[in-house]
Amino acid sequence: DQAYGIGGKYSVDNYSVGIGYESIDVSGIATNVTTLAQTEFNETVDSWILGGSATFGGFTLKAQYGQGSSQSLDLTQYGISGDYTFDAFTVTAFWRSVELATAGDAASVERQPFGLGVTYDLGGGASVAAGVVDPGGPADLDESTRADIGVNFNF
């Protein structure tokens, strides 16, 4: 489907603040989490997000908050993350909360994923990265913890 977005960022010294807006046309089939009834949908989701960061020596802290809505759903999200860089290593941790409420459903679905990652800078634009994340979904979705490792190249 189609999407467009716009954003801006202002930075001074070790601090930054940013804001963004996006509009996405989505279509598909929605399943009611209570009755399991399926409904076809085609609508536009409009979202905005506000974030900021601060760096103190090797530590960088980030926070974000955003909301989105369409005809049949409301989305609220917020999260925090932190990076610590020493030598050629960067260690990252994050936590996020995402709540999706749909019209007609008695309850909303909330996820609270969290994770931990590490990157080792090999030099010359190459790095090795590994991470693990718990998707933080409701217990009835039976989602498992995920991990990955790979090599990144920046040209």
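Residues numbered from 1 in each chain as written. Predicted model: local features only at pLDDT ≥ 70, side-chain atom pairs only at ≥ 80, totals over all residues. Heavy atoms only, no water.

1. Some details on the overall build of the protein chain
Counting its secondary structure elements, the protein chain contains zero helices and ten strands. For the protein chain, the succession of helices and strands along the chain, N to C, is β-β-β-β-β-β-β-β-β-β. Its C-alpha atoms put the protein chain at 55 × 35 × 25 Å along the principal axes. For the protein chain, the residues scored as buried account for 19% of the 155 residues in total. Long-range contacts, defined here as pairs at least 24 residues apart, represent 32% of the contacts in the protein chain between residues at least 6 apart. Accessible area of the protein chain: about 10500 Å², with a carbon and sulfur share of 58%. Measuring between centres, the 5 positive side-chain charges of the protein chain sit 6 Å from its 19 negative side-chain charges. (Helix = DSSP H or I, 4+ residues; strand = E, 2+ residues; numbered from the N terminus. Buried < 20%, exposed > 50% of the residue type's maximum accessible area, 1.4 Å probe, protein only. Contact = heavy atoms within 4.5 Å. Areas by Shrake-Rupley, 256 points an atom, 1.4 Å probe, with all protein chains shown as cover. Lys, Arg positive; Asp, Glu negative; His and termini not counted. Charge placed at Lys NZ, Arg CZ, Asp CG, Glu CD.)

2. What about unusual backbone geometry?
Leaving glycine aside, a negative phi is the common case for residues, and trans is the common case for peptide bonds. A positive phi is found at D13, a non-glycine position, where the angle reads about 50°. Within the fold, D13 resides in the loop between β1 (3-12) and β2 (15-31). Although it is not a glycine, D87 adopts a positive phi angle of roughly 50°. One can find D87 in the loop between β5 (73-86) and β6 (89-102). Note on D87: relative accessible area 77%, which makes it exposed.

3. Considering the side chain of E43
For E43, the position within the fold is in strand β3 (residues 38-56). We note that E43 is buried and unpaired, the nearest opposite charge coming from R96 at a distance of 17 Å. Reaching out from E43, the side chain makes a polar contact with the backbone nitrogen of Q71 at a distance of 3.4 Å. If near-sequence neighbours (up to four positions away) are discounted, E43 is found in contact with I24, D25, V26, S70, Q71, S72 and L73. (Salt bridge = Lys/Arg side-chain N within 4 Å of Asp/Glu carboxyl O. Polar contact = N/O pair within 3.5 Å; in protein donor to acceptor, adjacent residues only side chain to side chain.)

4. Concerning the environment of G52
Looking at where G52 falls in the secondary structure, it is placed in strand β3. Take G52: its relative accessible area is 29%, and that puts it in the partly exposed class. Every residue in contact with G52, bar those within four places of it in the chain, is listed here: S16, V17, L61, K62 and A63.

5. Structural notes on the environment of V128
Among the structural elements, V128 can be located in strand β9 (residues 126-134). When the C-alpha atoms of V128 and I6 are compared, they prove to be 31 Å apart, with 122 residues separating the residues in sequence. V128 has contacts with V118, T119, Y120, L122, I149, G150 and V151, leaving out every residue within four places of it along the chain.

6. Focus: the pairing of β2
When β1 meets β2, the two strands line up antiparallel, connected through ten bridges. Looking at the pairing, V12 lines up with Y15 of β2. In textbook terms, the turn of a hairpin is the stretch between consecutive antiparallel strands, and for β1 and β2 this stretch comprises two residues, one of which, D13, has a positive phi near 50°. Here 17 bridges tie β2 to β3, and the two strands are oriented antiparallel to one another. (Pairing = 2+ DSSP bridges.)

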